[in-house]
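Given next are the chains, with one letter for each unit.
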Amino acid sequence: MIKQWTILLISLAQLLFAGVSIAHESRPAYLEVTESQANVFDITWRRPARGEMVLSMQPVFPEHCQTQGGIANYFSQGAHVQRWTTQCEPDGLVGHSIYIEGLVQTITDVLVRIQLSDGTTQTQILKPNDTRMAVQGAPSLWQVTSDYFVLGVEHILGGIDHLLFVLCLLLIVDGKWLLVKTITAFTVAHSITLALATLGFVNVPQAPVEAVIALSILFLAVELVKQQQGKRDLAMRAPWIVAFIFGLLHGFGFAGALAEVGLPQADIPLALLMFNVGVEVGQLLFIAAVLLVIWAWRLVIKIEPSWLPRATAYGIGGLSSFWIISRVALF
């Protein structure tokens, strides 16, 4: 084990984890617009929620669009959902714009998906500095590719629990080749379950998955303590096995995030592939940043306090235990 990694964890914790009590604070919102008949659109508006707290933002349609009937409101799987129908006479939505009021005051993104009655779809990710979408009809494959790739990168880099799990693996693994095997096993495992869950072959409730993901971090924290005591359990002897087993669970977590925004029906394989590629690129960027900071740290720091490794392990265990309790409470 490289001791400097424990110092790195403390440094990153101060930058990334300070004030964070629950992971995925920047989950994306999702707006789906489906043309059910000429110039009539069914709207689904899904915003991330924490209990009764919901992000204050709302889609705004062109002036010639009028809401028909009432608006259904309900909470589902950590999100607040609204459904309604709007009629856009005389010329529909193509050539007009939709924007998200209030998005500029948030740190989240909105994935907008529009499906017209002729079968064409258009997707676009709106951000706090880009809150408007022009409806153009059929989107290009490049747009689907770029949107879902960016969504995957942002999800992994914003997923504090997933990154903390990867950090724990880095702290435990000793040796470059063993590190490559371990990260590869984690990648293969969560890619399998991401695909199975997203394509509907496996259906796992999201709340228990999130709790078990936190439990996986606690497990690695315990293994860190054992490693510091000179013990060599399975996590030290064959970390790639542990990474593969828990990677399957993390894949279900990624699938839950993707389910929040949905997939374009005409481009499901491409969107799923690019989301997964984005997750992997984000993960590799994080690992590269960790290794770079380690290298820079070694040039400056020569002495490590004897208490720091144990304090790091207990800090990880304490945070993951909090996540377990808070997530179980949501069952």
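Okay, so let's go over this structure. These numbers were taken from a predicted model, which means no experiment stands behind them. (Residues numbered from 1 in each chain as written. Predicted model: local features only at pLDDT ≥ 70, side-chain atom pairs only at ≥ 80, totals over all residues. Heavy atoms only, no water.)

Another aspect to go through is the sheet that holds strand S4 (residues 58-60). What holds strands together in a sheet is hydrogen bonding between their backbones, with the strands either parallel or antiparallel. Spatially, the three strands line up as an open sheet ordered S4-S7-S10, and their pairing is antiparallel. The sheet terminates laterally at S4 and strand S10 (132-134), the two strands that pair on one side only. Adjacent strand axes in the sheet meet at a mean angle of 20 degrees when their direction is disregarded. Of the pairings in the sheet, the one linking S4 to strand S7 (residues 97-101) comprises three bridges and is antiparallel in character. (Pairing = 2+ DSSP bridges. Helix = DSSP H or I, 4+ residues; strand = E, 2+ residues; numbered from the N terminus. Axes fitted to C-alpha atoms, helices over the stretch in contact; angles between N-to-C directions.)

Before going further, it helps to examine the packing of aromatic side chains. Using the criterion set out here, one finds three aromatic pairs in the structure. With 6.1 Å between their ring centres and 75 degrees between their planes, Phe165 and Phe246 make a pair best called edge-to-face. Taken together, the residues span a long stretch of sequence, with Phe165 in helix H3 (residues 160-172) and Phe246 in helix H7 (residues 239-261) at a distance of 81 residues. In this structure an aromatic cluster arises from ring pairing among Phe165, Phe186, Phe219 and Phe246. (Phe/Tyr/Trp six-rings, centres within 6.5 Å; stacked < 30°, edge-to-face > 60°.)

One finds Tyr148 and Ile316 to be the most contacted residues of the largest nonpolar core, which totals 51 residues. Of all the secondary structure elements, the ones that give two or more residues to this core are helix H2 (141-158), H3, helix H4 (176-198), helix H5 (206-228), H7, helix H8 (268-300) and helix H9 (308-328). Per-element tally for this core: the top contributor is H3, with 11 residues. Among the nonpolar cores identified, the runner-up in size contains 22 residues, and Leu31, Ile43, Cys88 and Val112 belong to it. (Core = buried A, V, L, I, M, F, W, Y, C linked by side-chain atoms within 4.5 Å. Buried < 20%, exposed > 50% of the residue type's maximum accessible area, 1.4 Å probe, protein only.)

Right, let's talk about the pattern of salt bridges for a bit. Tallying each qualifying case throughout the model produces six salt bridges. Across the pair Glu154 and Lys127 runs a salt bridge, and its minimum N-O distance is 2.5 Å. In this pair, Glu154 sits in helix H2 while Lys127 sits in the loop between strand S9 (121-126) and S10, placing the two residues 27 residues apart along the sequence. Accessibility expressed as a relative area gives 22% for Lys127, which makes it partly exposed. Notably, a salt bridge pairs Asp161 with Arg327, separated by 2.9 Å at the nearest N-O pair. Here Arg327 lies in helix H9 and Asp161 lies in helix H3, a separation of 166 residues in the sequence. Both residues of the pair, Asp161 and Arg327, belong to the buried class. Connected via shared salt-bridge partners are Asp109, Lys127 and Glu154. (Salt bridge = Lys/Arg side-chain N within 4 Å of Asp/Glu carboxyl O.)

In terms of burial, S9 is a largely internal element, six of the six residues being buried. Residues Thr121, Thr123 and Ile125 of S9 are buried on one face, and the alternating residues Gln122, Gln124 and Leu126, pointing to the opposite face, are buried as well. Sheet analysis places strand S8 (residues 110-115) next to S9, joined by six bridges and oriented antiparallel. In the strand pairing of S9, Ile114 is matched with Gln122. Turn length for the S8-S9 hairpin, with the two strands adjacent in sequence and antiparallel, is five residues, and the turn residue Gly119 shows positive phi of about 95 degrees.

Okay, H3 next. Taking 1.5 Å of rise per residue, the 13 residues of H3 would be expected to cover 18 Å, and the 18 Å separating its terminal C-alpha atoms lies within 8% of that figure. The buried fraction of H3 amounts to 13 of the 13 residues, a majority that puts the element mostly inside the structure. (Expected span 1.5 Å × (residues − 1).)

On to a nonpolar patch on the surface. There is a patch of nonpolar side chains on the surface, built from Val188, Ile192, Leu196, Leu199, Phe201, Phe244 and Ile245 and spanning about 620 Å² of accessible area. Listing elements by their share of the nonpolar patch, those giving two or more residues are H4 and H7. In terms of residue count, H4 provides more of the nonpolar patch than any other element does, three residues in total. Along the chain, Ile192 falls in helix H4. (Patch = residues over 30% accessible without salt bridge, like charges linked within 9 Å, V, L, I, M, F, W, Y side chains within 5 Å. Areas by Shrake-Rupley, 256 points an atom, 1.4 Å probe, with all protein chains shown as cover.)

Let's shift gears to the side chain of Asp109. Among the secondary structure elements, Asp109 is positioned in the loop between S7 and S8. You can call Asp109 buried: its relative accessible area is 11%. Separated by 3.5 Å, the side chains of Asp109 and Lys127 make a polar contact. Setting aside residues no more than four positions away along its own chain, Asp109 makes contact with Pro28, Ala29, Ile125, Leu126, Lys127, Pro128 and Glu154. (Polar contact = N/O pair within 3.5 Å; in protein donor to acceptor, adjacent residues only side chain to side chain. Contact = heavy atoms within 4.5 Å.)

A cis amide bond links Glu89 with the next residue in sequence, Pro90, at an omega value of 10 degrees. Along the chain, the position of Pro90 falls in the loop between strand S6 (79-88) and S7. A positive phi is found at Asn39, a non-glycine position, where the angle reads about 65 degrees. Looking at the secondary structure, you find Asn39 in the loop between strand S1 (29-37) and strand S2 (40-50).

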